[in-house]
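Survey of secondary and tertiary structure
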Amino acid sequence: MVSGLAPTPRDPILRDGTAHLYRFRPNEDPVRRVGGGLPLLLVPSLINRWYILDLREGFSLSRAMVDAGLDTWCLDWGVPEDEDRFLSWDDVVARLARAIRAVRRETGAERVGLLGYCMGGPLSAIQTALAPDSIAALVNLAGPVDFSHGGQLTHQTDPRWFDAQSIADAGNVPPHMMQSGFVALRPTLQVSKWVSYLDRAHDPAFRAGFDALEAWSGDNISFPGAAYATYVGDLYQKNALVKGEHRVAGRRVDLSAIDCPVLTVVTDRDTICPPLAASALNDHASSRDAEVFVVPGGHVGAVVGNKAATVLYPKLASWLTARLAA
């Protein structure tokens, strides 16, 4: 294990199945909610380890939010066990809803801010649409909402040649199976990555970043089978979310019910979530305060790359602070 990963001090507040809810400690400040502001819950992808949002010193979104004075929390989805093959998409959304209630209960806040990254983006949008009165502000960080603009991943999962239910029937979908699909998006990436490494291996700072990102990218987890079948079948193949046909626990998810401030962050070289797939949230929400912010980089690099601390983190901090302040 590479040292220095997930460096921001945190406390576990709740365990829910394999999931954990963390509260990050403020920096030398006994007042957790500066100025009485509302808390912020970070929602990472279901199939990647949460600490991409707290990768290492100087490259940590969560630390940047803490340093901005925000009472910052994170939902760690955990590592699925064999029996989690039966964990449904409804169960996943319900787990997010319970995390939000726990944050509200612990802080006494009526509403929270949500920041969803990657698959955490559509999950956060779905939960906000189902319970809009509990969400004060929503950030969609490179999360697909209109899956007709999902690019190569939408093509790969086309129902004419892809049967998501058959794959899920075998159990949890293993990381290597999902990673093969991501590798197919940029087949030469592995070669170019190692060529770049050889070219810059003399630089200690580069090696530190490379090692941290390699450790995280090799720490992927399985996708619960039942949830996978719904995510691919309903969202990718039917594009049910933007069509207003997606249902969670029998309730129709209406994105127009989202009326809180919305910030959608898109990356200019994202093959996993092309910009139009993410920015569609702003088109379907009814928020009067809605913005699309473009950052340089790819799906992961934009969040932990060299420009994240000077471009992405300050934007998120200023936007959220203004909307979660007392």
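In case you missed it, the structure is sitting above this.
Once that is clear, we can look at the overall build of the chain. Helix and strand content of the chain: 13 helices and ten strands. Within the chain, the fraction of its 326 residues that count as buried is 55%. As displayed, the chain has an accessible area near 14000 Å², and 52% of this comes from carbon and sulfur atoms.

Read from one edge to the other, the open sheet built from eight strands follows the order 1-2-4-3-5-6-9-10, with strand pairing classed as mixed. Looking along the sheet, the strands with just one partner apiece sit at the ends: strand 1 (10–16) and strand 10 (290–295). The mean inter-strand angle of the sheet, taken between neighbouring strand axes irrespective of direction, is 20 degrees. Along the sheet, helix 3 (residues 120–130) contacts strand 3 (40–43), strand 5 (112–117) and strand 6 (135–141); its crossing angle with strand 5, the most-contacted strand, is approximately 145 degrees.

This part covers helix 2 (residues 89–107). Along an α-helix, a turn takes 3.6 residues, which lines up residues three or four apart on a common side. A rise of 1.5 Å per residue sets the reference length of helix 2, with its 19 residues, at 27 Å; its end C-alpha atoms lie 28 Å apart and thus fit the reference within 8%. Among the residues of helix 2, Trp89, Val92, Val93, Arg95, Leu96, Ala97, Ala99, Ile100, Ala102, Val103 and Thr107 are the ones counted as buried. Positive phi shows up at glycine 108, right after helix 2, with a value of about 80 degrees.

Okay, the environment of alanine 240 next. Mapped onto the elements of the fold, alanine 240 is located in helix 10 (residues 240–243). Judged by its relative accessible area of 1%, alanine 240 falls in the buried class. Taking the C-alpha atoms as reference points, alanine 240 and phenylalanine 147, 93 residues apart in sequence, are found 8.7 Å from one another. In this view, alanine 240 contacts Asp234, Leu235, Glu245 and His246; residues no more than four positions away in its chain are not counted.

Moving on to empty space enclosed by the protein. One water molecule sets the probe size; rolling that probe over the atoms shows where empty space is left. Inspection of the entire model under this criterion finds three cavities of 30 Å³ or more. If you add up the space inside the largest cavity, you get close to 50 Å³. Along the walls of the largest cavity sit Thr18, Leu46, Trp77, Gly78, Pro80, Leu87, Arg95, Ile221, Ser222 and Pro224, which together make up its complete lining. Residues that form the lining of the largest cavity fall into these classes: six nonpolar, three polar and one charged. Computed from the structure, the second largest cavity encloses a volume of approximately 30 Å³. What lines the second largest cavity is simply Pro44, Ser45, Leu46, Asn48, Arg49, Trp50, Leu75, Asp76, Trp77, Gly78 and Ile221. Looking at side-chain class alone, the lining of the second largest cavity contains six nonpolar, three polar and two charged residues.

Within strand 2 (residues 19–24), five of the six residues are buried, which leaves it mostly tucked inside the rest of the structure. What sits between strand 1 and strand 2 in their antiparallel hairpin is a turn of two residues, with glycine 17 showing a positive phi close to 65 degrees. Inspection of the sheet shows strand 2 paired to strand 4 (residues 72–76) by four bridges, in the antiparallel sense. The partner of arginine 23 across the bridge, within strand 4, is tryptophan 73.

Examined against the element boundaries, aspartate 283 turns out to sit in helix 11 (residues 275–284). Using a relative accessible area of 64% as the deciding quantity, one classes aspartate 283 as exposed.

Next up on the list: the packing of aromatic side chains. In the structure shown here, the tally under the stated rule is nine aromatic pairs. Taking the centre distance of 5.4 Å and the plane angle of 50 degrees together, the rings of tyrosine 22 and tryptophan 50 count as tilted. Separated by 28 residues along the polypeptide, tyrosine 22 in strand 2 and tryptophan 50 in the loop between strand 3 and helix 1 (61–67) bring together distant segments of the chain. For tryptophan 50, a relative accessible area of 4% gives the class buried. Pairwise contacts between aromatic rings join Trp89, Phe147, Phe223, Tyr228, Tyr231 and Tyr236 into one cluster.

The rules behind the values
- Residues numbered from 1 in each chain as written.
- Predicted model: local features only at pLDDT ≥ 70, side-chain atom pairs only at ≥ 80, totals over all residues.
- Heavy atoms only, no water.
- Helix = DSSP H or I, 4+ residues; strand = E, 2+ residues; numbered from the N terminus.
- Buried < 20%, exposed > 50% of the residue type's maximum accessible area, 1.4 Å probe, protein only.
- Areas by Shrake-Rupley, 256 points an atom, 1.4 Å probe, with all protein chains shown as cover.
- Pairing = 2+ DSSP bridges.
- Axes fitted to C-alpha atoms, helices over the stretch in contact; angles between N-to-C directions.
- Contact = heavy atoms within 4.5 Å.
- Expected span 1.5 Å × (residues − 1).
- 1 Å grid on protein atoms, 1.4 Å probe; cavity = no way out; pocket = protein on both sides within 12 Å on 5 of 7 lines; lining within 4 Å.
- Points joined across faces, edges and corners; volume = space filled by probe spheres on them.
- Nonpolar A, V, L, I, M, F, W, Y, C, P; charged D, E, K, R; others polar.
- Phe/Tyr/Trp six-rings, centres within 6.5 Å; stacked < 30°, edge-to-face > 60°.

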